[in-house]
Structures are given as structure tokens and as C-alpha cells.
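Structural description and commentary
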Amino acid sequence: MTATLPGMSTDEKLRFEDLPERLLDWYALSARDLPWRIGPAERAQGVKADPYRVWMAEIMLQQTTVPHATRYYQAFTRRWPTVEALAAAADEDVMAAWAGLGYYARARNLLKCAREVAERGSWPHTVEALRTLPGIGAYTAGAVGALAFGRRAAAVDGNVDRVFARLLAAKGEWKAEKARIKEMVEMLVPADRPAEFAEALMDLGATVCTPKRPDCLICPLRELCAGAGEGDPARYPIKPKKAAKPVRRGHVYALFNDQGEVLTERRPNKGLLGGMLGLPGSDWIVDTRPEPSPPSGENWQDIGEVRHVFTHFSLELTVWRGQGSIGDHWTPRSTAADALPSVFAKALKLAVK
Ligand code: ADE
């Protein structure tokens, strides 16, 4: 094994030589049972995971916890059991089913990717070819390549970065450390068990080498870990401080008609919450709050505020409720409650209270 690890120092080669074996032995006893995974018995028979399901799970799990993503995964795969079924779905049905999961570009790319795969007639089998599909970056291509096609590929996400930052006690500039980690993980992937190796690292990061309180006492890599050796592994990874998020402010209007429907709009495909159903409202502006300018209606009342945190800013919206009948996109309240992204769903909830 040592000879196959050219990018590491001699010390690291020796230290990490038996990392894959330790990790896989631990995984054999500790694997999480997740719906997109195949079990050990199937794997022993050479069964590979379904690329459609693996891909769906990986896209949903980006920036999302396993329990939250699992609910959506179940709903999506029940409703659209194959990539062809998803490719044939109406855009607005997929966007509505994604509501509440956030990062809506993922849903738009999900559809684009499904349509491209359905058009091609099959999934590409290599990491390089997977990367050319919409919404599939290095991480997802590695994960799908390893999990569904048995490619010798690494799936390095934030969890894996954390595990290796601790193993290495990585003190350098974070971007450079990440590059080093990626290279190292790629070298460590065992050619005969890439899928289990990828899943094992995910599980170690999620259940043992957790962000705040790593459970080093049960860690199979404890003896290899420079961070644990120093006594404070949780200080790693050492990342640059994030800038404070700016606050944007604006207004959102919940206009109800006599049928109990609410006025909605389809947001443009480009931009934040693109392609999702929305409520009418003002622009969202830094520092000041724009003047209210509600659509045609009566009895407009300011009924409070909702807040929501996006990746690059926090949002405070004043919620207005009114009655009216002018408008061309009315949606029953309960449909809107399910189909609106979280920030608008919060506003609607406040407005119907
Ligand atoms: N996080 C990202 N991908 C995952 C997967 N396939 N299983 C569990 N957690 C994950």
C-alpha cells in the first residue's frame, strides 16, 4: 500500500497505511441503515446501488441533515421511482415537492439532469462523464461514481474535510489544506471497496468525528489522529472567519380572495428561489426598508415580521394581509402552504393565524 501513496510524506504514509482497513472494519459493524444504500448481504452478492437513488440522495443531502433530506427522498422516489419518471414530471410539481428543502437551484438542476439522462438513455459510468451533467460537481460525481458504479473515486465533502483536518492536525491555510486532503483521500480509496470506503467516511464524520464533540473513545482512527494526539481535535478544521451576514429588509403581501385563495406568483427561473411559487412583495434591500406598495386590495394590515436566513444574507420581511379579487394567479391556501419555499410559507402562516 505504501508505494501507492506518492503525495504523502513518509511519516503520513506509514501512519495512514492501515487507515482503510481500520475504517472498513469499523464500518462493517457501525454502518447506518439509510434508504438509498444497499445492505451488506446485497453488496456481498455484487449488487450495486441504483444510480438514480444515490444521485437523488446526494443532491438532497447537500447542506441538509439526513432526517430532513430523508423525508423528501422518500416522497420523491415514491412519486418518481425512476429517472425517466422524474424527467417526465412537470416543472412546477417538482419545484412544489422540493419546497422547504431550500437551495432551489438544486431542484432546477435535478430536473435538467434527469432529462439529460433520460434523453441519453442511461447514466454515464465514469466520474469525468458524470461531472458534465447539470448540478453534478466533483463531490457528487465522486459519490455516484463510487457508490453506484464502483469507481475508485473519493467523495470529499465538509464531513470528510473535518475528519482529515483532525487526522492531520491541519494548521495551514484552509484552501490549501482542503486540496491536500482531497488528494490524500483519493489515494487512500481502496480499489476493491470504494463504495464502502466513501460511506464509512461519511458515517464516521456524522456519528463519531462530529463537529463539536468528537467521540474519540470509539473512533477506529484514534491512534492515527494527530488532532486527538494533541488533546483538542475539535479545534480542527481551522477555517477563515466568515464575514457577518448583511440584513436585507422588505415587504410581503398575503392577499386573500373570497374563496380562501391567496395571490401567488411564479418567480423567475434565475435568481434566488428561482422557479418557485412566491407571494408578491417588494425588493429585498440592505440597510433600509423600502416603502410598502401592496397590490390592489383592501384592508391592508401590517401583521408582523418574519425572518429567514439565506446563505449570503438574513432577511426581515414585514407581512401585510389584505382582501381582494384582482390578480391572475390564485392558489388555495393549503396548496400554497405546501408549495411555497420556507420564507413565504412562514409569512402565509402568520397571515392566516
Ligand atoms: N451525506 C452526504 N451523502 C451521504 C450519504 N450518501 N449517506 C449519508 N450521509 C451523506
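Here we summarise the structure given alongside this text. (Residues numbered from 1 in each chain as written. Predicted model: local features only at pLDDT ≥ 70, side-chain atom pairs only at ≥ 80, totals over all residues. Heavy atoms only, no water.)

1. Observations regarding the overall build of the protein
- Broken down by element type, the protein carries 16 helices and eight strands.
- Within the protein, buried positions represent 47% of all 353 residues.
- Within the protein, residue pairs in contact and separated by at least 24 positions form 68% of the contacts whose partners lie at least 6 positions apart.
- Carbon and sulfur atoms make up 51% of the accessible area of the protein, which amounts to about 17,600 Å² in all.
- Across the protein, 47 positive and 43 negative side-chain charges occur, with their mean positions spaced 3 Å apart. (Helix = DSSP H or I, 4+ residues; strand = E, 2+ residues; numbered from the N terminus. Buried < 20%, exposed > 50% of the residue type's maximum accessible area, 1.4 Å probe, protein only. Contact = heavy atoms within 4.5 Å. Areas by Shrake-Rupley, 256 points an atom, 1.4 Å probe, with all protein chains shown as cover. Lys, Arg positive; Asp, Glu negative; His and termini not counted. Charge placed at Lys NZ, Arg CZ, Asp CG, Glu CD.)

2. Here's the deal with the pairing of strand 7 (residues 314–323)
- Of all ten residues in strand 7, seven are buried; the element is thus mostly enclosed.
- Sheet topology note: the strand 1 (residues 247–256)/strand 7 ladder contains ten bridges and is parallel. Following the sheet pairing, His251 is matched in strand 7 by Thr318.
- One ladder, built from nine bridges, connects strand 6 (residues 298–309) with strand 7; its direction is antiparallel. From the neighbouring strand, Glu298 faces strand 7, where its bridge partner is Gln323.
- Connecting the antiparallel pair strand 6 and strand 7 is a turn made up of four residues. (Pairing = 2+ DSSP bridges.)

3. Focus on the site of the ligand
- Around the ligand, the structure places Arg32, Leu34, Trp36, Arg37, Glu58, Leu61, Tyr139 and Met202.
- Between the ligand and Arg32 there is a distance of 3.4 Å, counted from a nitrogen atom to a side-chain nitrogen or oxygen.
- Taking Glu58, its side chain carries an N or O atom lying 2.7 Å from a nitrogen atom of the ligand.
- Relative to its unbound accessible area of 260 Å², the ligand is 93% covered by the protein chains.
- Because more than half of its atoms lie within 2 Å of the grid, the ligand is assigned to the largest pocket.
- For the shell around the ligand, the residue count by class is five nonpolar, no polar and three charged. (Near = heavy atom within 4 Å. Polar contact = N/O pair within 3.5 Å; in protein donor to acceptor, adjacent residues only side chain to side chain. 1 Å grid on protein atoms, 1.4 Å probe; cavity = no way out; pocket = protein on both sides within 12 Å on 5 of 7 lines; lining within 4 Å. Sits in = over half its atoms within 2 Å of the grid points. Nonpolar A, V, L, I, M, F, W, Y, C, P; charged D, E, K, R; others polar.)

4. Considerations on the nonpolar core
- In terms of nonpolar packing, the biggest core is built from 73 residues, with Trp55, Met56, Met60, Leu86, Trp98 and Trp123 touching the most fellow members.
- In terms of residues, this core owes the most to one element, helix 4 (residues 51–61), which gives eight residues.
- Taken domain by domain, this core gets at least three of its residues from each of domain 1 (10–235) and domain 2 (247–352).
- Sequence-distant contacts of Trp98, that is, excluding residues within four places in its chain, are made with Ile59, Met60, Tyr72, Phe76, Tyr103, Tyr104, Arg106, Ala107 and Leu110. (Core = buried A, V, L, I, M, F, W, Y, C linked by side-chain atoms within 4.5 Å. Domains from an automatic or database assignment.)

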